[in-house]
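Examination of the molecular architecture
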Amino acid sequence: MSDDPLARLEELEQRVRRLEADLEQVHGRIDLPAPAPRPATPSTLPPPAWPAPGLARSPDLERRTFEFDTERALKWGGVGLVVLAVGFAVSTAISRGWIGPGLQLGGAVTISVALIATGLRLQSTRPAWTHALCAGGVLALFTTAASNLFIDEAGDDAAFVFTAVVGLAGYALTWRIPSEWVGAATLLGGIVGWFVIGDGEPPALTSVVAIVGVVAMGIAMALAQGWFALRFLAHGAGLIALLALADVSDRTIEHMPVVVAAILLTASLVRVPSIGDLSSAWQQLDVQLAALAGPWALGIVSISADLDSDTSVGVAAIAIAVGAAIVAFSVRPWLVPAHHVSLLIGASVTLSIGFAILLSTAVAFTALAVQGAGLVVLGRALGDSVRVLINAAVLLAVSAGFVMVAMTEAWDDDAPAGDDVAHLVIIAAVAVAAWQTGQVIVQQITSLAVLALTLVWLGSVLVHLPQGQAAVSISWAVVGTAVLVAGAVRKRADVGGVGLAVLAITVGKLLTVDLQEVDALWRAGLFLVVGLGFLRLGFLLPRLTGTDDADTQRGDVDLADRQRA
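Here's a quick rundown of the structure. (Residues numbered from 1 in each chain as written. Predicted model: local features only at pLDDT ≥ 70, side-chain atom pairs only at ≥ 80, totals over all residues. Heavy atoms only, no water.)

**A few points about the overall build of the chain**
Under the convention used in this document: A run of H or I in DSSP counts as a helix once it spans at least four residues, and a run of E counts as a strand once it spans at least two, with each numbered from the N terminus. In this scheme, a residue with accessible area under 20% of its type's maximum is buried, one over 50% is exposed, and one in between is partly exposed, where area comes from a 1.4 Å probe on protein chains only. Between two residues, a contact is recorded if the distance between any of their heavy atoms is within 4.5 Å. All accessibility values rest on the Shrake-Rupley procedure with a 1.4 Å probe; residue burial counts only the protein chains present in the view.
Counting its secondary structure elements, the chain contains 22 helices and 0 strands. Going through the 565 residues of the chain one by one, you find that 35% of them count as buried. A sequence separation of at least 24 residues applies to 66% of the contacts in the chain between residues at least 6 apart. Carbon and sulfur atoms make up 68% of the accessible area of the chain, which amounts to about 32,600 Å² in all.

**Focus on unusual backbone geometry**
Excluding glycine, residues mostly have negative phi values, and the peptide bonds linking residues are mostly trans. Backbone torsion omega between I177 and P178 reads -15°, so that peptide bond is classified as cis. Assignment of secondary structure puts P178 in the loop between α6 (156–176) and α7 (180–197). At D306, a residue that is not glycine, the phi angle is positive and equals roughly 55°. Mapped onto the elements of the fold, D306 is located in the loop between α12 (293–304) and α13 (310–330).

**A look at the pattern of salt bridges**
We apply this condition: Each reported salt bridge corresponds to a side-chain nitrogen of Lys or Arg within 4 Å of a carboxyl oxygen of Asp or Glu.
Under the criterion given, the structure shown has 1 salt bridge. The shortest N-O distance in the salt bridge between R231 and D286 comes to 3.3 Å. Here D286 lies in helix α11 (residues 281–289) and R231 lies in helix α9 (residues 228–248), a separation of 55 residues in the sequence.

**Overview of the side chain of S179**
For clarity, the threshold we go by: Two N or O atoms form a polar contact when they lie within 3.5 Å of each other; inside protein one atom must be a possible hydrogen donor and the other a possible acceptor, and for residues adjacent in sequence the pair counts only when both atoms belong to side chains.
Secondary-structure assignment places S179 in the loop between α6 and α7. Given a relative accessible area of 1%, S179 falls into the buried group. Of the polar contacts made by the side chain of S179, one reaches the side chain of H131; its length is 2.8 Å. In contact with S179, other than residues within four places in its own chain, are H131, T174 and W227.

**Structural notes on the packing of aromatic side chains**
The criterion, for reference: Pairing of aromatic rings covers Phe, Tyr and Trp, the last through its six-membered ring, and needs centres within 6.5 Å; plane angles under 30 degrees mean stacked, over 60 mean edge-to-face, and all others mean tilted.
With the rule as written, the count across this model stands at 4 aromatic pairs. On the numbers, 5.7 Å between centres and 50° between planes, the contact of F232 with W282 is tilted. Note that F232 is positioned in helix α9 and W282 in helix α11, a separation of 50 residues in sequence. Aromatic pair F365 and F402: ring centres 4.1 Å apart, planes at 10°, arrangement stacked. Of the two residues, F365 sits in helix α15 (residues 361–381) while F402 sits in helix α16 (residues 386–410), which places them 37 residues apart along the sequence.

Structure representation (structure tokens):
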């Protein structure tokens, strides 16, 4: 390398040029030209229609589905044909004497046990079959125990014992699987079979123990497993079974265990339905079933105490109603609101039954209407509980329907003064209940119903007076005028329209009914009074609505303008 600085600088420049040339060559081998940018034009094509998941079926899936359906059809068809073949063979063998009674019973028990064993074997692979087969096997055992063949061969006592053993085994099977179906089959099959064996009149003491046991075990298992259907069935079956036992019991010593069992079942109805969150429809039915506790207790007491007079039954009903209400309020902190209301409804229905027996039907429905109004107030206090308001609406609707029918009949046959007062109280209860709802649409609809009931009540009371039709027309005209004035004062055109409708109905009655049934002199006076009333109302209406003052002010302004002009 030369020591001359210029020579060295020229050498360095040459090296730099060679490096730049090499870099350009390398860049040309690895750097691809950038693609031309795509014009940004919006696409007018729809997005690709991809098949929805699970809708597209491949040929393989269709083939497997066909095979599964075919296999299932062949299985069910084969089972059905085998069952029919066995049934024909057994019936033929029995009719020809080839199979004796002992072999028949043994075969029935064997088949029942085979159904249960097959269900247990399929528990891990076919759980639905397990529930069906085990429940069917338990019911088959109960049927065998209650059959005439078993009773003729072994006797009633053996049939009762076998039924009890099957019941215990059924509940053990219910707990082992676990299966609510098997529990329901054990409960219902055991109770029905027990009564069939006893020919409708089983021994009282033993039957009370058996029924209390099967119901108590069913409720206990239902609470442990969270089975609301079994709980409802246990309560319902217990109510029916104990009432039937009370009816077939003859002696006091037989009635006492029934009463004790009824008290235990009532205690369960008071507390158990509130256990849970009311998310199940079966639990809601169980809550509604509690409303039957009061009337059912009255039936038990009336049968067990042999109450044969209306007074004794009525007093018992009132006493049971008061006791049921006290219990409902005492245990309220442990109950859900719907359950508490159901117990109160049961007490109110029992009280109404007592009033109906002691006094009259009108008083009973009056009590129902008052209770309906009270339920509306209670429902508002519970936060507009829908169940409470529905129950109240049912009570009020039934009472209103009764009072309408009774008052319509009173137009022809004069009702006692007490019934007239009761009818008026029912109308007032319906009006108060509608007002307490706070719902405008409910208030408007109910107001029309109350107005119609009031007009009919006035007619049923006044039509029996001398010149009663004239009195009815005058009373209707007064009511229509009052409603029209109220609408005018409150600036409510809808209310005023209702008042005009009542007055129109009154005029229609004057021109049809009164022309035929009112004496000529009374008819003239009636038309004169109503006509003058209409004229007076026509003059007063603008003043009541305030339009008269407005018209006067506009007239004064127009007069002043003309004078200035």
